[in-house]
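Close look at the chain arrangement
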Amino acid sequence: MPSRSYHEEIWRAVPPGLEPEHFELRRDFLLAAVAPGARVLDLGCGEGAFAAALTRAGAEVLAADVAEEPLRRARAAHPGLATVLIDGEGAWELADASFDLVWAGEVIEHVADTAGWLSELRRVLRSRGRLLLSTPSLGPGALAAAALSRRAFARRFDPRSDHLRFYSRATLSALIGDFGFEQLSVRGAGGLPGARPVLLASAVRSRY
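First, a word on what this report is: a plain description of the structure on this page. The model shown is predicted, which means the values in this text are computed figures rather than measured ones.

Strand order in the open sheet formed by seven strands is S3-S2-S1-S4-S5-S7-S6, and the pairing between neighbours is mixed. The open sheet has two edge strands, strand S3 (83–85) and strand S6 (181–189), and neither has a second partner. Strand after strand, the sheet turns through a mean of 15° between neighbouring axes, direction not considered. Taken together, the three bridges between strand S1 (residues 39–43) and strand S4 (residues 99–105) define a ladder with parallel strand orientation. In the strand pairing of S4, valine 40 is matched with leucine 101. Along the sheet, helix H4 (residues 68–77) contacts strand S2 (60–65) and S3; its crossing angle with S3, the most-contacted strand, is approximately 170°. In the packing of helix H5 (residues 114–124) onto the sheet, contacts are made with S1, S4, strand S5 (125–136), S6 and strand S7 (198–205), and the angle to S5 comes to roughly 140°.

Written as structure tokens, this is what we have:
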């Protein structure tokens, strides 16, 4: 399993101040589902761009990450932002049913133990709370490009990448549904028809 030092090393290699990929697209998707006053966990918050947008929209936000470096950057960029360092390999020190919404933007593809991660996510989400997440799409266009081009294949499946898993609409839907979520919607976004680069998922935690 990846250690905390592994995640710290990855973040030290990332130049500070970069805008998250597809930021406006993902921000608009997130904010459309958040009501003022909602308690939101930004899981894998990075430098805090989404957490700051949520705060401006009136949400009560806790920004969480598995490395201290992104949290340090988030606090520097957004003074007053509440942050927490969580365990990337075990249980999180967060109370049961303590959030109305969990946002995980471009996180699930980095997770080795998706079963443990989704179990913890479901635990901290209240009954009928909402999960929103985004992840790169491994759709028909990406698969075709990888099959036809060695360069595209190497770029997509680079063994040095920190992306551990790859998702299509079908596989992401099946995974989320296995963990007690309903009213599930997964759609491709951005790019051109047939070559959507991002999956946007929304689901509701089933009742206890």
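That shown, we press on.
Regular strands have side chains that alternate between both faces of the sheet. Of all five residues that make up S1, four are buried, and the element is covered over most of its length. What joins S1 to S2 is helix H3 (residues 49–56), and the crossover it makes is right-handed.

Among the seven residues in S4, six count as buried, and that is most of the element. Bridge count between S4 and S5: six bridges; the pairing is parallel. Pairing of tryptophan 103 across the sheet is with leucine 132, part of S5. Taken together, S4, H5 and S5 constitute a β-α-β crossover, and its handedness is right-handed.

As a further point, take the pattern of salt bridges. The tally for this structure, following the rule as stated, stands at 12 salt bridges. Put simply, aspartate 28 and arginine 27 hold a salt bridge, and the shortest N to O gap is 3.2 Å. Residue classification places arginine 27 among the partly exposed positions, given a relative accessible area of 24%. Within this structure, Glu47, Glu69, Arg72 and Arg73 form a network of salt bridges that share partners.

Tallying each qualifying case throughout the model produces three aromatic pairs. Seen in terms of ring centroids, phenylalanine 23 and phenylalanine 50 are 4.9 Å apart; in terms of plane orientation they differ by 55°. Their pairing is tilted. With a gap of 27 residues between them, phenylalanine 23 in helix H2 (residues 23–31) and phenylalanine 50 in helix H3 connect regions that are remote in the sequence. Three or more aromatic residues joined by ring pairs make a cluster, and in this case those are Phe23, Phe29, Phe50 and Trp103.

The next subject is the packing of H2 against H3. In the contact formed by H2 and H3, the axes pass within 11 Å of each other and the chain directions differ by 40°. Between H2 and H3, the angle is such that the two are oblique. In terms of crossing hand, the pair formed by H2 and H3 is right-handed. On the side of H2, the interface is formed by Phe23, Arg26, Arg27, Leu30 and Leu31, while H3 contributes Ala49, Phe50, Ala53 and Leu54.

A word on H3. Of the residues making up H3, those classed as buried are Phe50, Ala51, Ala52, Ala53 and Leu54. The secondary structure elements touched by the buried residues of H3 are H2, S1, S2 and S4. Following H3 by one or two positions, glycine 58 adopts a phi angle in the positive range, close to 100°.

Next up on the list: the environment of arginine 73. Tracing the chain through its elements places arginine 73 in helix H4. With a relative accessible area of 9%, arginine 73 lands in the buried category. Among residues more than four places away in sequence, those in contact with arginine 73 are Trp11, Arg12, Val14, Pro15, Pro16 and Glu47. A polar contact is formed between the side chain of arginine 73 and the side chain of glutamate 47, at a distance of 2.8 Å.

What follows deals with the side chain of threonine 114. Checked against the element boundaries, threonine 114 lands in helix H5. Every residue in contact with threonine 114, bar those within four places of it in the chain, is listed here: Ile108, Arg165, Tyr167 and Leu175.

About the criteria used
Residues numbered from 1 in each chain as written. Predicted model: local features only at pLDDT ≥ 70, side-chain atom pairs only at ≥ 80, totals over all residues. Heavy atoms only, no water. Pairing = 2+ DSSP bridges. Helix = DSSP H or I, 4+ residues; strand = E, 2+ residues; numbered from the N terminus. Axes fitted to C-alpha atoms, helices over the stretch in contact; angles between N-to-C directions. Contact = heavy atoms within 4.5 Å. Buried < 20%, exposed > 50% of the residue type's maximum accessible area, 1.4 Å probe, protein only. Right-handed = clockwise from strand over helix to strand, strands pointing away. Salt bridge = Lys/Arg side-chain N within 4 Å of Asp/Glu carboxyl O. Phe/Tyr/Trp six-rings, centres within 6.5 Å; stacked < 30°, edge-to-face > 60°. Parallel < 35°, antiparallel > 145°, perpendicular 65-115°, else oblique. Left-handed = near helix turned anticlockwise from the far one by under 90°. Polar contact = N/O pair within 3.5 Å; in protein donor to acceptor, adjacent residues only side chain to side chain.

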